[in-house]
Structure formats: structure tokens, C-alpha cells
Amino acid sequence: MATRQASQAINTQDITDKSRRDLLLLLEAVSLNFLYAPATTFIDIPQVRGKKNLVIERSLASIIGLFVKFSTLQEYGVDRLFFLENHNVDSSQRNIVFLVRGENAKIVRTVAEQIRLVRSESKIDHDFTVIWVPRRTLVSNLILEEHGVLGEANITDLALQFVPLEPDVLSLELEDCFSDLILRRDPTPIFAAARALMLLQKQYGLFPRILGKGDNAKKLADLLQRMRSEEDVNASSDPTNTYLTSFGLTPSATIENLIIIDREVDFPTALATQLTYEGLLDEVFGISHNQTEVDSSILGGAPAPQPQSHTGGSTAPAAATKRKVQLDSSDKLYPEIRDANFATIGPLLNRTAKRLQSDQQNIRKTEQSLSDLKSFVSKLPSYQAESASLKTHTSLAEEITKLTKSDPFRRTLGIEQNLLIGSEGSTMHEQLEEILARATPLPTVLRLLCLESTLGNGLRPRDFDHFKRLLLQAYGYQHLATLARLEKMGLFVAREANRGYLNPISGSAGQTATDWNVVRARLQLWVDEVEEAEPRDIAYVFSGYAPLSVRLVQAVLQKGYLLNLVNPPRTGAAGAAVGSGANGSGWKGFEDVLARIKGATVDVVQKGNDADASQARKTLRGNKEGPKTSLVFFLGGVTFAEIAALRLVGKQLEAAGGGMKLIIGTTGVISGGRAVDVAIEKGVFGA
């Protein structure tokens, strides 16, 4: 196990390179895996040589496009690319490779049906290879066996786990994670997260401390410790590998701690309307795998985007009225404006436009030396790229402004802000009824009702029944199923007698309910004076509301700042710096407020089992204590507003000295619209 210097943070580019390398090796020669046959024998998979057709799941194509280009796939023998959902695989090549998720029974059945169809209609003796992502399961084997194709396909898997969306954001990109954890109570995403985090531990060493809040966070922490124990057992049973394995599982010199935030602990942040530029882009247009689709009429004269990496001539073209816009660090302007509060976007874009105009005027000067001309030519590509980016984002911002200035948006935002500030929900009911009567889209109404319910630990029973009746009458009785799902998820429920305002100090607080009044006060979840242009506090992402999830992170990393925010020092006394910490580690200093938040509290210290290995690592590292990295992992999804808030925390920590870095990990990106859409019944009676 190669050691790493303490000054080296987690390199997300290494993860990207590994994912690309693993996929290309599988396409070039799938020869290191096995096929499970009905006779319980294992057969080596032959190499996939020559030209091949690649059949890929549509949602997986965008993820693959994040780390490999279609032209690269062509270099490794991919002739044509087909989407699995289109059911249009042809038999032009002898080799057909399926690249799909192996944990979705419906997808597995589709693969089996297409193998049977091609086999029956083609005169060629095809070689089928199925690559399951991220792992092969017994259920997938059984489904293939039921369809009679298990013995006709070579089967392997691609352990695609963390996908870097940005240098500081790692995502498992599990599309159904929120519904799996919250609606179906399926622990599969917890296992996937544990595997990915365990891989990081093997690369960088054990997380010295695992902190977390929430029942699912506790399950994930327990699973990580169980996996570590299994690694220790495997190491002890293999004398040739004992030293290397135990050496890798010693406390990390790079990562200081892992902080796990269970999405179920902080529903209000996910339900509230995000007010950062990137957050509103997601709210209005939707962002998926660093891309958004926008009507061509909105972009106007903005230049057409470059073809995306995963597409090629064989992929189905997008609708003529839609254009894809790439939203990541490759954009010259986007990294500077994405985390800004939308109220400041106009001045930011205006400032950039004036700078580019000034540069253009300097370029047009009649008298230029050869050295000036050479300098201009070298800067021309960057200037053109930034100009194109400015046109695109100006068009997008104008469209978002139309929404934010509309009366429905202002009404909705006003109700949200009143609920987040701590107003009694019943005072908002008249406005909620008016919004409902105006035929407001159902997701918007549900977000407001769920926000009130989660902040108040449920609605009063009579109000709950009243709004259920109004919803069914306004939107159709098929939404009985919608309301049942929301109730099962804990988003829209009737308040019990021993919870919420009726009994705010009940024994259930911290177990199944959060005492939001106490938590709001002790963690300063609402800030009256927010500096949106030059933010100093994370509350700017919601123009006043500080996400509970990020406040929990600050309770670990910025103790001094958070304590001074809650209890400001007297006039003349020296306050703590923005990025400063406080004495103690872990949750120390915030135990009381944590007890008022629903779910288990996690605090685990990990030490190496082998003292000699730990000492060897320390010797190789030397006495240099470089910057540490804290990994914040969201189990159930993270919003773009929370990412922006954590980036602000990261900048403050770096500025405070010591070079502390923050890496954000998540099972996927979530928003209020996606959260309630999980529960909405799509069918209608009589259809």
C-alpha cells in the first residue's frame, strides 16, 4: 500500500482516472471475472476482442460521460452505442456488450429480453457480455436464469462507486437513493456507501474519527466497522498479505474525520427553495450529472454547446427545441458564480461583461507591438470561451429572474421564510389555501405542506384532514396513494399528542422527533442580517435560513465561531475568528442540542490494530503535519445550496490557517421537487 504525504488531500482526479481505466480494461479484455453457471461451476470469461456494440442504460450514459469520451470508447472497439430503453439493438457486430445497473430487477429483465430477441432474430452466433454496475447480485443471476440466458452471456461487474462531479464533490449518483432509504426503507444505498467509503480507507488509511447524526448514519458507521473487522480477519488468514493490509488500515495522515449526515435528520433544508444560482438552476431547469437541458429559445444567440463526451453519432439526438448546457468547472465563468446568492448574479455578470468589453477595446488598439499581438493570440481562446459562457449564463439568469419576480414565486417564498423563521404553521393556512385554490402545481403545494409538517413534527389532526381533503378535491383522488406515501416517508403526517408544540419537552425529542424551537435557537438556524454579496455565514444560501445539516458540520469544525454566533461576546471582548475552532473534538460542546435532534448520534474513534504498522506509517510520514481533510458525507442526497454553504465553510477553514480542506460526498443530488416527486402518483383514474 503506497503511503501518502500528510500535505496531500484526497485527489478526486485519481478516482476519475481509475474509473476510466477500469471500464476501458473491461471493454478491451474481460478476462479476469467469472460466469456463474447453473451447475455451480465457474468458467473464465473470454476476451471481448474486435468491434462491439455497446448497449447502455440511459441514466448511466451521462455518468460514464463524466470520465470517458465516446471517441475513447471507439478506440477500444465500440462501434455503435445504443440506449437500453430504446429496444433497438441491432446485430451488426458479433460482440454485444450490455453496461447496466445490476441492482434493478426491471433493468435486468430488459437485458434478458433483449438478449433473447437478438439471439432469435439474428443468424450470427453472437457473444454477449453483461457488465453490471456497480456489482453483480444473486437476484440478477436468478432473473437471467428464469429467462434462460444465464448460460449465454459472459457476466462481470464494474465497481463504479464515487464519481467526481467536481474536484471537491464525490457522488455515488444513485438515482433512487432517496426513495430507497425514505420510502421503501431499502438499505442497499447504505451498503453501496459503505463499500465506497471503505475503498477510500484502503487508499488513504482509516478515518481517525467517524461522526454522524441520524439512524441511517449509525447503520453506515456500524457497517464500516464491520467491514474493517472483516478486512482484519482476511488479513490474518492470508500470511502473504497481512502486513500490506494492516498497514493500509491504520489511521489516515490525510483525512481527519468522516462526518455523516442522514438526510432524514434535515428534511426542511431539502424542501426549501434554494436561492443560490446553481440551486435555482436546479429548481427551474433541473441539473443531472453536471448537465441541464434548456429550450433553445431561452438561450437565444448563445453559442451551441459542444457535444457531450458520452454521445456519438449512434446516440439518439436530443429534441430540436432542447439544448444541453454543461455546468461544471470546465466553464470559464460558472465556478465564480454558481455559489452566489441569486440576488447578486446581476452585478456579477455585469462586472464580467465590463471586464470583457475593456479587454476587447484594448485588443482593438491600432498600435500594437509583435509581443502584444502574440499575447493577444495566446489569450484569444480563453476570451472567446468566457464570452460564450457570459452569453449563456446571462440568458439563463434572465429566465430565472422571470420566475423569481412572479407573484406565485414570491407568495411561496414568503410562506417558506415564515415557516423557517419559526412562525406557527396555522397562521399560514389561509395563504396555503389561497395558493391551492389558484391551481398551483401539485409539487409546489406539497413542498409547502411537507415543510410545515417537518418543522412542526406534523400538522394538527384537524388541519391534516382538512388539507388532505382539499388536495384530493383539487388534484384528483388518485393522490390518495401520494398522501399515503408522504405519510410513510414522514414528510406529511398528523401531529401526535406527545410531539411538537403540544409537548415540546417530551421524551420523544431526539428519538423520533426534533425540537425545532430549541435547535433553531441553539444553532442559530435563522440569521436576520445576511450579507449576500460578501457572505460570512452559511445562511446566505437561503437568504436567512442556515441549513441544519451544515450547522452540524460547523459544530465539529467551527466550534468557536458557532458558539460566538449563538452567544455573541460582550462589547470590547475578542470574538472567535470565522474559521476558528474551540477546545475539544467531535461533538463536544453541543451534546445538549444533539439530544434534541431526531436520530442516533455517532462518535467513533478508530485506531490501528497493528502498533508496528502505525509506527511505520508515522516514520515514513516524518514530523511534517500538513493540512488535513474532512469528508462530509450526505446519506440520502445533498442540495446544491448545502454544497455552496460547505464551500464557504471550507474557504473559512483554509483562511484561518492550517489548510483544512473539505470534501463533500453524497449518494446523489436532491431537491425539494425530487423529494416530493418520489411520492406523487403518476397515474389517473380511468386512464
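This one's a predicted model, so the numbers in the text were calculated from it and none came from an experiment.

Criteria and thresholds
Position numbers for residues start from 1 in each chain and track the written sequence from start to end. Side-chain atom pairs in this predicted model are given and counted only at pLDDT of 80 or more, local residue features only at pLDDT of at least 70, and totals for whole chains, interfaces and linings cover all residues. Excluded from the side-chain calculations are hydrogens and water; all other atoms, namely the structure's heavy atoms, are used. The criterion for strand pairing is that DSSP finds at least two bridges linking the strands in question. Only runs of H or I of at least four residues qualify as helices and only runs of E of at least two qualify as strands under DSSP, and these elements are numbered from the N terminus. An axis is simply a line fitted to the C-alpha atoms; with a helix, the fit covers only the stretch in contact. Between two such axes, the angle follows the N-to-C directions and lies from 0 to 180 degrees. Here, two residues are considered to be in contact whenever any of their heavy atoms come within 4.5 Å of each other. Whenever a carboxyl oxygen of Asp or Glu lies within 4 Å of a side-chain nitrogen of Lys or Arg, that contact is scored as a salt bridge. Residue burial is assigned from relative accessible area. The probe radius is 1.4 Å, only protein chains are included, and a residue is buried under 20% of its type maximum, exposed over 50%, and partly exposed in between.

J.: So what about the sheet that holds strand E15 (residues 629–635)? Which residues, and what values?
T.: Pairing in this open sheet of seven strands is mixed, and the strands run E8-E9-E16-E15-E11-E10-E14 from one edge to the other. A single partner strand is all that each edge strand has here, and the edge strands are strand E8 (163–166) and strand E14 (601–605). Looking at each pair of strands side by side, their axes are set apart by 20 degrees on average, direction ignored. Across the sheet, helix H1 (residues 12–28) lies against E8 and strand E9 (169–171), angled at about 130 degrees from E8, the strand it touches most. Set on the sheet, helix H8 (residues 215–237) makes contact with strand E10 (209–213), strand E11 (255–262), E14 and E15; between it and E11 the angle comes to about 140 degrees.

J.: Got a sec to walk through the pattern of salt bridges? Specific residues and values, please.
T.: A full pass over the atoms with the stated rule returns 32 salt bridges. Between Arg94 and Asp127 there is a salt bridge whose closest N-O contact spans 2.6 Å. Here the residue Arg94 occupies a position in the loop between strand E4 (78–83) and strand E5 (95–101), and Asp127 occupies one in strand E6 (residues 127–133), the gap between them amounting to 33 residues. Assessed through its relative accessible area of 43%, Arg94 is described here as partly exposed. In this structure Asp127 comes out as partly exposed when scored by relative accessible area, which is 28%. Of the charged contacts, one joins Arg647 and Asp339 as a salt bridge, the two residues approaching to 3.2 Å between their closest N and O atoms. Note that Arg647 is positioned in helix H26 (residues 640–655) and Asp339 in the loop between helix H13 (334–337) and helix H14 (345–363), a separation of 308 residues in sequence. Using a relative accessible area of 13% as the deciding quantity, one classes Asp339 as buried. Overlapping salt bridges, with partners in common, bring together Asp407, Arg411, Glu434 and Arg438 in one network.

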